[in-house]
2 protein chains.
Amino acid sequence: MQGIYLENGTTQLKDLPTPAPKADEALVRVSMAGVCNTDLELMKGYMGFEGVLGHEFVGVVDQCSKGDWRGKRVCGEINFGCGTCGFCARGLERHCPNRTVLGILNQNGAFAESVVIPCANLISVPDTISDSAAVFVEPLAAAFEILEQVQIQPKDRVAVVGDGKLGLLICQVLLLTGCELTLTGKHESKLAIARSWGLEARNKDEVTEGEFDLVVEASGSAAGFATALELLRPRGTLVLKSTYAGKLELDAAPIVINEITVIGSRCGLFAPATRALARNQVRVDELVDAVFPFEQAAEALARAALPGTLKVLLQVNG
Amino acid sequence: MQGIYLENGTTQLKDLPTPAPKADEALVRVSMAGVCNTDLELMKGYMGFEGVLGHEFVGVVDQCSKGDWRGKRVCGEINFGCGTCGFCARGLERHCPNRTVLGILNQNGAFAESVVIPCANLISVPDTISDSAAVFVEPLAAAFEILEQVQIQPKDRVAVVGDGKLGLLICQVLLLTGCELTLTGKHESKLAIARSWGLEARNKDEVTEGEFDLVVEASGSAAGFATALELLRPRGTLVLKSTYAGKLELDAAPIVINEITVIGSRCGLFAPATRALARNQVRVDELVDAVFPFEQAAEALARAALPGTLKVLLQVNG
């Protein structure tokens, strides 16, 4: 099969042996996959990953000896837990110390014609969700993770820093809480998308400080972190929702002086994200920048790396 | 009166006019005061403070037109709120946006023969608490602040990073929760003090990673911050309990990947600290390094700045 293989900082579409699933695993024929900023960070050396990239996908189960998965349209949770540790026992495979992570840590990913996923990680995708929407299940789950970690009340004043695709997805999820919501970013076209959803969206230079109860940092930059701190009221909460490669230089004094709570936030459960898409509670269509055929993977990755690009999709199989 | 005045990065014992208290303020004759690391940071330029240093003290009320404070032995909460904003209304003068802070922000401090304190900030000190112990009310309140912000359960595995005077005070407070407690530091003599209190105390090089539920960073260094992150289990809590002057360069990836909660923690309420001292629930005598007469303030500050020094006290009025 063909797969986009990362090695020594460069990717190439490569002929690879089709993987063979074990008894409790499924072989999934990938229909469509999405490029995440984390993929771009991996290409710069983040996590020291080598192998097939890709962790956002939807596909059809090709082989599976367990249950009645064969032929089903699925997504797959990306953290493969050991299944026996205390974290796995509590449904926290995301924090299993022995986990592999699809296309990120010791596990070949979904930028390939086929991918192996443990049956326990499969999530059935209802027919009402299109392939291009289903690819958003993974990043949308990461956005829902915020609601697993903090309680956002309808009365809360919330801001999102960063108008990238993840920031916009986070806005969609936060809108469900009924909170007062403001997005700050630097791309007028993206701010306009957010405004069309009925939230306040402002250029980052217009918002210098504030009295927000909670701020989600989704820009991944030290400047975004500093802005987020300026926007918070004393004893407010800052959710870090980005891949941070390399060191972050920051002024810790305001965290202490204003007694800020900073919460790191990573992967979420797929079920709430799938439900929200099936219920048409979130809008992802506007977040698709372009769909590339699989053979043009190099162009797709280059496009995704351009500043301001929204979601780039790869049409892998038919 | 005489006071230790900070100006352009240098301190001197200076003749100053005795301040005149307003209607809702008291003039307190300072008996004894303590040197805090924050004083040393202020001398290096932190907060850009200019004025009389000192925020840890005990004294006797000399003038006060309100209540029956005159002649009473008191400490004083160091955050002077406006009394009218939403934070003050909720008992959070510590976060009043218009506050001054004793010896730290727009308010002359207690390294002086007399100091002005709002009556609302006075706390009566029981006779059973000695002057040298009462000076610890302020830093002990800062240690108790942790318990106002996070719930520590008796089953929790907790570590404190940094065996300085604040780290040791924090250990005293955390011992009250019944938690499993480990101190890591680099001064064998201080670790020995901690061990005599019945907690685990180890050299920082012996503790490289762990599965702690909560870690309190009390070293104030980037290295201490990194150590604290290594000690935490996924989804653990890191309490930042230090004055951080200047930028902190840190690797934010583990915060996100392990979904760590980082909580900044500053000043606390004086009442719990005073109660703990009156009830003999905490031990502070072992934390006194030396007592200097007020005239030797320069020597006292120099001594406090030596690495490894515990609490240096100033005997101001006999």
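All residue numbers here refer to positions counted from 1 along the written sequence of the relevant chain. All chains are assigned letters beginning at A, and all ligands numbers beginning at 1, according to the order in which they are written. Given that this is a predicted model, residues contribute local features only at a pLDDT of at least 70 and side-chain atom pairs are listed and counted only at 80 or more, while totals for whole chains, interfaces and linings are drawn from all residues. In computing side-chain properties, one takes all heavy atoms of the structure into account and sets aside hydrogens as well as water.

### What to know about the domain arrangement of chain A
How big an interface is tends to be expressed through the accessible area that disappears when the partners come together. All names here are of chain A. Cut-off, in case you're wondering: Domain start and stop positions are those given by an automatic or database domain assignment. The term buried area means the drop in 1.4 Å probe accessible area that two parts suffer when joined, counted for both and summed. Think of a salt bridge as a Lys or Arg side-chain nitrogen and an Asp or Glu carboxyl oxygen that are within 4 Å of each other. Throughout this description, a polar contact denotes any pair of N or O atoms lying within 3.5 Å of each other; where both atoms belong to protein, one of them has to be capable of donating a hydrogen while the other can accept it, and for residues adjacent in sequence the pair is counted only when both atoms sit in side chains. Side-chain classes follow a simple rule in which Ala, Val, Leu, Ile, Met, Phe, Trp, Tyr, Cys and Pro form the nonpolar group, Asp, Glu, Lys and Arg form the charged group, and the remainder, Gly included, forms the polar group.
Per the domain assignment, the segments making up chain A are domain 1 (2-136 + 284-315) and domain 2 (140-264). Between the C-alpha centres of domain 1 and domain 2 the distance comes to 27 Å. Of the roughly 1,300 Å² buried where domain 1 meets domain 2, counting both sides, 59% is carbon and sulfur surface. Joining domain 1 to domain 2, the criterion identifies 2 salt bridges. For Arg94, the salt bridge goes to Glu148, with nearest N and O atoms at 3.1 Å. Summed over the shared surface of domain 1 and domain 2, the result is 6 residue pairs in polar contact (both at pLDDT 80 or more). Class assignment for the residues of the side of domain 1 that touches domain 2 results in 7 nonpolar, 4 polar and 4 charged.

### Section: the relation of the copies chain A and chain B
Applicable threshold: Least-squares superposition aligns the copies on the C-alpha atoms of those residues with pLDDT at or above 70 in both. Every residue pair with non-hydrogen atoms within 4.5 Å of one another is taken to be in contact.
Screw-axis analysis of chain A against chain B gives a translation of 0.0 Å along the axis, an RMSD of 0.0 Å, and a rotation angle of 180°. The relationship between the two copies is best expressed as a two-fold rotation axis. For chain A, the minimum C-alpha distance to the rotation axis belongs to Glu249 of chain A and amounts to 2.1 Å. When the interface residues of chain A are mapped onto chain B, 100% of them are again interface residues, pointing to one common binding face.

### Digging into the pairing of strand S6 (residues 73-76) of chain B
Regular strands place side chains that alternate from one sheet face to the opposite one. Residues and elements named next belong to chain B. Just so we agree on the cut-off: Accessible area is worked out with a 1.4 Å probe on protein chains only. A residue is then buried under 20% of its type maximum, exposed over 50%, and partly exposed in between. Under the DSSP-based scheme used, a helix requires at least four consecutive residues in state H or I and a strand at least two consecutive residues in state E, with every element numbered from the N terminus. Pairing between strands requires that DSSP locate at least two bridges from one strand to the other.
Burial of the side chains of S6 extends over both faces: Arg73 and Cys75 are buried on one face and Val74 and Gly76 on the other. Of the pairings in the sheet, the one linking strand S5 (residues 56-64) to S6 comprises 2 bridges and is antiparallel in character. The residue of S6 that forms the bridge with Val60 is Arg73. When S6 meets strand S10 (residues 122-124), the two strands line up antiparallel, connected through 3 bridges. Across the sheet, Val74 pairs through a bridge with Ser124, a residue of S10.

### Considering the side chain of Lys190 of chain A
Applied cut-off: Positive: Lys, Arg. Negative: Asp, Glu. His and the chain ends are not part of the count.
One can find Lys190 of chain A in helix H6 (residues 188-196). Buried and unpaired, Lys190 of chain A has Asp163 of chain A as its nearest opposite-charge partner, separated by 4.2 Å.

### Comments concerning the sheet that holds strand S12 (residues 180-185) of chain B
Here is the rule: Angles run from 0 to 180 degrees between N-to-C directions of axes, and those axes are lines fitted to C-alpha atoms, restricted for helices to the stretch in contact.
Read across the sheet, 12 strands follow the order S13(A)-S12(A)-S11(A)-S14(A)-S15(A)-S17(A)-S17(B)-S15(B)-S14(B)-S11(B)-S12(B)-S13(B) without closing on themselves; strand pairing throughout is mixed. Whereas interior strands pair on both sides, the edge strands pair on one side only; in this sheet they are strand S13 (200-203) of chain A together with strand S13 (200-203) of chain B. Neighbour-to-neighbour, the strand axes of this sheet turn through a mean angle of 20°, independent of strand direction. As paired elements, strand S12 (residues 180-185) of chain A and S13 of chain A share 4 bridges and run parallel to each other. Across the sheet, the residue bridging to Thr182 of chain A is Glu200 of chain A, located in S13 of chain A. Sheet contacts for helix H6 (residues 188-196) of chain B: S12 and S13 of chain B; angle to S13 of chain B, the most-contacted strand, approximately 165°.

### Examining the interface of chain A and chain B
Between chain A and chain B, the contact holds 36 residues from the first and 36 residues from the second. Taken together, both faces of the contact between chain A and chain B bury some 3,100 Å²; the carbon and sulfur share is 58%. As a salt-bridge pair, Glu148 of chain A and Arg235 of chain B come within 3.0 Å of each other at their nearest N and O atoms. For the interface between chain A and chain B, the tally reads 15 residue pairs in polar contact (both at pLDDT 80 or more). Those elements that place two or more of their residues in the side of chain A that touches chain B are helix H4 (137-149), strand S15 (232-240), strand S16 (247-251), helix H8 (253-257) and strand S17 (261-264) of chain A.

### As for the state of the cysteines
Which entries qualify depends on this criterion: Pairs of cysteine sulfur atoms within 2.5 Å are identified as disulfides in what follows.
Tallied over the full model, the rule gives 0 disulfides over all chains. You can see Cys82 of chain A has no disulfide; the closest cysteine sulfur is in Cys96 of chain A, sitting 3.6 Å from it. As a non-bridged cysteine, Cys85 of chain B has Cys88 of chain B as the owner of its nearest cysteine sulfur, 3.7 Å distant.

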